[in-house]
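# Per-entry structural report
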Amino acid sequence: MREKAPYSTEFDDIYFYPEDGIGESTAVFLDGVDAPEIWQGQDEFITAELGFGTGLNFLLTAKLWLETAEDDQKLIYYSTEKYPLKATEIDDAIHWPELQDVKAEMLNAYPDGGQLFDGRIELNILLGDSLEELRKHSFKANAWYLDGFAPSKNPDMWLDDIFSEVARLSASEARLATFTAAGFVRRGLMEKGYDMSKRPGFGNKREMLSGVFKNKGG
């Protein structure tokens, strides 16, 4: 049975794998940055994302955070989005029973974001062009999800200037995960200081990338 997968007319692409959206997001992004182990013992943990879309990555991260982090730990989540979906579109797309509670909390604050779950999670949705929005900020992310549409569909999300901003906004040893395995993405992030490696893909995707920021790029 195929799941609902909302479609972007701007980029002629779907937002997530229609056969198993939760499985894909978990395998690519949460597993890709070694969550939840990566945030154990961190008083404050910052995750940054390129491409909020349906909010699926945020919802899965928030759910895992609430299940595994201590009550006094805080997750701060930044995500860029140039073409925000309507709340009703997100509501329809995120249909899994296990995500309904976190979805309801998120949609109460969408698209402005704010303090969720009694302040345990802070959501910041940066509405606008990713490069322009990143340049306005100075946070230091502990984890990155690069989840723009495929480079062939949305090349502006995969510019060298974007990689420079990702590096500038990365804490030491930050982890990065993305569904793409494009050579220019791997090389571009390596030039900015990330140690990049290929790992097995999900579904019909043969490979994807993950990385660790070593702050040794140009």
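The residue numbers shown here count from 1 along each chain, following its written sequence. For a predicted model such as this one, the threshold for reporting local features is a pLDDT of at least 70, and the threshold for listing and counting side-chain atom pairs is 80 or more; totals across whole chains, interfaces and linings nevertheless cover every residue. Here the side-chain values reflect all heavy atoms present in the structure, with hydrogen atoms and water set aside.

### A look at the overall build of the protein
Each helix is a run of DSSP H or I of at least 4 residues and each strand a run of E of at least 2, with the numbering of both proceeding from the N terminus. The number of helices and strands found in the protein is seven helices and ten strands. Residue contacts are defined here by distance: any two heavy atoms, one from each residue, within 4.5 Å place the two residues in contact. Within the protein, contacts between residues separated by at least 24 positions form 71% of all contacts whose residues are at least 6 apart in sequence. Surface accessibility follows the Shrake-Rupley procedure with a 1.4 Å probe radius. Residue values consider only the protein chains on display as shielding. Accessible surface, the protein: about 9900 Å² in total, of which carbon and sulfur atoms supply 46%.

### Notes on the packing of aromatic side chains
For Phe, Tyr and Trp, rings pair up if their centres lie within 6.5 Å, where Trp contributes its six-membered ring, and each pair is then called stacked (planes under 30 degrees apart), edge-to-face (over 60) or tilted (otherwise). Summed over all chains, the structure comprises twelve aromatic pairs. Between tryptophan 39 and phenylalanine 45, the aromatic rings sit 5.7 Å apart at their centres with planes inclined by 75°, giving edge-to-face as the arrangement. Side by side, tryptophan 39 and phenylalanine 45 carry an identical accessibility label, which is buried. One aromatic cluster is present, formed by Phe29, Phe52, Phe58, Tyr77, Tyr110 and Tyr145 through successive ring pairs. Per-residue accessibility, obtained with a 1.4 Å probe over protein chains only, is compared with the maximum for each type, and a residue is labelled buried under 20%, exposed over 50%, and partly exposed between these values.

### A short note on the side chain of serine 25
Secondary-structure assignment places serine 25 in helix 1 (residues 21–30). Classification of serine 25 as buried rests on a relative accessible area of 4%. With sequence-adjacent residues up to four places away left out, serine 25 is seen in contact with Leu30, Leu56, Asn57 and Leu60.

### What to know about the packing of helix 1 against helix 2 (residues 56–68)
Orientation of helix 1 relative to helix 2, taken along the N-to-C sense of each, is 75°, at an axis distance of 10 Å. By the criterion of interaxial angle, the relationship of helix 1 to helix 2 is roughly perpendicular. Residue-level contacts link Gly21, Ile22, Ser25, Thr26, Phe29 and Leu30 of helix 1 to Leu56, Asn57, Leu60, Thr61 and Leu64 of helix 2. When grouped by side-chain class, the residues that make up the contact of helix 1 with helix 2 number six nonpolar, five polar and no charged. Orientation is described by lines fitted to C-alpha atoms, with helices fitted over the stretch in contact, and by angles between N-to-C directions that extend from 0 to 180 degrees. Working definition: roughly parallel below 35 degrees, roughly antiparallel above 145 degrees, roughly perpendicular at 65 to 115 degrees, and oblique for all remaining angles. For this classification, Asp, Glu, Lys and Arg are treated as charged, while Ala, Val, Leu, Ile, Met, Phe, Trp, Tyr, Cys and Pro are nonpolar and the rest, including Gly, are polar.

### Details of the nonpolar core
Judged by nonpolar contacts, the single largest core of 68 residues is most densely connected at Phe58, Leu99, Phe139, Trp144 and Tyr194. At seven residues, the largest contribution of residues to this core is made by helix 2. Put simply, a nonpolar core is a bunch of buried Ala, Val, Leu, Ile, Met, Phe, Trp, Tyr and Cys residues held in one set by side-chain atoms that sit within 4.5 Å of each other.

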